[in-house]
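Working through the structure, step by step
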Amino acid sequence: MAEITHRTVRAAGRQVHLAEAGEGPLVLLLHGFPELSYSWRHQLTGLAEAGFHAVAPDMRGYGRTESPANVAEYTIHHLVGDVVALIGALGAGRAVVAGHDWGSQVAWHTALMRPDLVRGVVGMSIPYRPRPGLPPLPALRRTYGDRFYMLWFQRPGLAERELEEDVPGSLRRLFAGTSGGTPAFEPVVPEGGGFLDLYPPESGLPGWLTEDDLAVYADAFTATGFSGGLNWYRNLSANWELTAPFNRARVTVPALYLAGEHDFVVRGLDPGRLAAELRRAVPGLRDTVLLPGCGHWTQQERPADVTSALAGFARSL
């Protein structure tokens, strides 16, 4: 099995921690919330063995990457800028860019804003949707009310206090509560409760996550807290303003979309309609894959399927 190594590079004026493996064409792997480069451990080795240079950074706000304190420095422009700088720092002219959860949003927008640097894009969990005509926060408030989880995250310190009271317990509930096979839920914080009340009380870990895996995440978030990742959510309005030049723009590079059929992001959506809407927004879409029995943590729940899909897509470009 290929060895995963770690190093720090300077990109976009900051120190960025990388996990990487292999040699060959560059495949960048971007994690979401609340995750780390560690989330791609299976794909790093698998892609290396398939002949690629697989690189997973701790994203801005996470892990061992140097992260700003200012909330305003977590916009989509900053996050895409980090990816652009990283491609340059790694000496690659272009890359396949794959992302999960929030990392998927960054991957899609890197392909949208800098298609010259992106050989192909893979989104997991979050499909690409063109910029809406209305600002996101009022639209979410009208649809779900003030207690929708993304609105709950807008108040600095509120979610941090809850999540950081018991970091291992919080992560256990988040990972287990949105894995495949768990009941569907509405992501609206209950009256008189908190964000963690969306998820079942602490129980056993899902089969894809060991206690040692959980400890990696818990140690990292105990050291950093959760503010960095939550600050991505606190720029939803700023992102809508900043992406005005890309209103209704389509992603034109070759693309692949993967999600778990039980992922709360797409659960309940008609698969045919999801694929059709995505193809209209991403005309170079090669395939839409919904993984049976899989929940939100796509690349960790179905490591072999995701690695095979990534390698096959990258080879095809």
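Residues numbered from 1 in each chain as written. Predicted model: local features only at pLDDT ≥ 70, side-chain atom pairs only at ≥ 80, totals over all residues. Heavy atoms only, no water.

Quick look at the pattern of salt bridges now. Following the criterion strictly, the structure yields eleven salt bridges and no others. The partner of Glu 66 in a salt bridge is Arg 14, with the nearest N and O atoms 4.0 Å apart. Of the two residues, Glu 66 sits in the loop between β4 (53-57) and α2 (76-89) while Arg 14 sits in strand β2 (residues 14-21), which places them 52 residues apart along the sequence. By relative accessible area, Glu 66 is classed as partly exposed at 36%. Arg 172 serves as the salt-bridge partner of Glu 211, at 3.0 Å between the closest nitrogen and oxygen. Pair noted here: Glu 211 is in helix α8 (residues 211-224) and Arg 172 is in helix α7 (residues 167-177), with a separation of 39 residues, a long-range link. Classification of Glu 211 by relative accessible area gives partly exposed; the value is 47%. A single salt-bridge network, built from bridges that share partners, covers Arg 14, Glu 66 and Glu 73. (Salt bridge = Lys/Arg side-chain N within 4 Å of Asp/Glu carboxyl O. Helix = DSSP H or I, 4+ residues; strand = E, 2+ residues; numbered from the N terminus. Buried < 20%, exposed > 50% of the residue type's maximum accessible area, 1.4 Å probe, protein only.)

All right, on to the pairing of strand β7 (residues 255-260) then. Across the six residues of β7, six count as buried, placing the element largely inside the fold. Residues of β7 alternate between two faces, with Ala 255, Tyr 257 and Ala 259 on one and Leu 256, Leu 258 and Gly 260 on the opposite face, all of them buried. Alignment of strand β6 (residues 118-124) against β7, held across four bridges, turns out to be parallel. Considered in β7, the bridge of Val 122 is made with Leu 256. (Pairing = 2+ DSSP bridges.)

So, about the packing of α2 against helix α3 (residues 102-113). Across the interface, α2 lies against α3 with an axial gap of 9 Å and an inter-helix angle of 80°. One way to sum up the angle between α2 and α3 is to call them roughly perpendicular. Of α3, the residues touching α2 (which contributes Ile 76, His 77, Leu 79, Val 80 and Val 83) are Gln 105, Val 106, His 109, Thr 110 and Met 113. In terms of residue class, the contact of α2 with α3 is built from six nonpolar, four polar and no charged. (Axes fitted to C-alpha atoms, helices over the stretch in contact; angles between N-to-C directions. Parallel < 35°, antiparallel > 145°, perpendicular 65-115°, else oblique. Contact = heavy atoms within 4.5 Å. Nonpolar A, V, L, I, M, F, W, Y, C, P; charged D, E, K, R; others polar.)

Glancing now at the environment of Ser 170. Here Ser 170 is to be found in helix α7. In this structure, the C-alpha to C-alpha distance between Ser 170 and Leu 90, residues 80 residues apart in sequence, is 35 Å.

One open sheet accounts for eight strands, arranged β1-β2-β4-β3-β5-β6-β7-β8; its pairing is mixed. This sheet does not close on itself; its edge strands, each paired only once, are β1 (5-11) and β8 (285-291). Adjacent strand axes in the sheet meet at a mean angle of 20° when their direction is disregarded. Here six bridges tie strand β5 (residues 95-100) to β6, and the two strands are oriented parallel to one another. From the neighbouring strand, Val 97 faces β6, where its bridge partner is Val 121.

Once that is clear, we can look at the environment of Leu 214. In this fold, Leu 214 is placed in helix α8. Placed 39 residues apart in sequence, Leu 214 and Phe 175 show a C-alpha to C-alpha distance of 9.2 Å. If near-sequence neighbours (up to four positions away) are discounted, Leu 214 is found in contact with Pro 168, Leu 171, Arg 172, Phe 175, Leu 205 and Leu 209.

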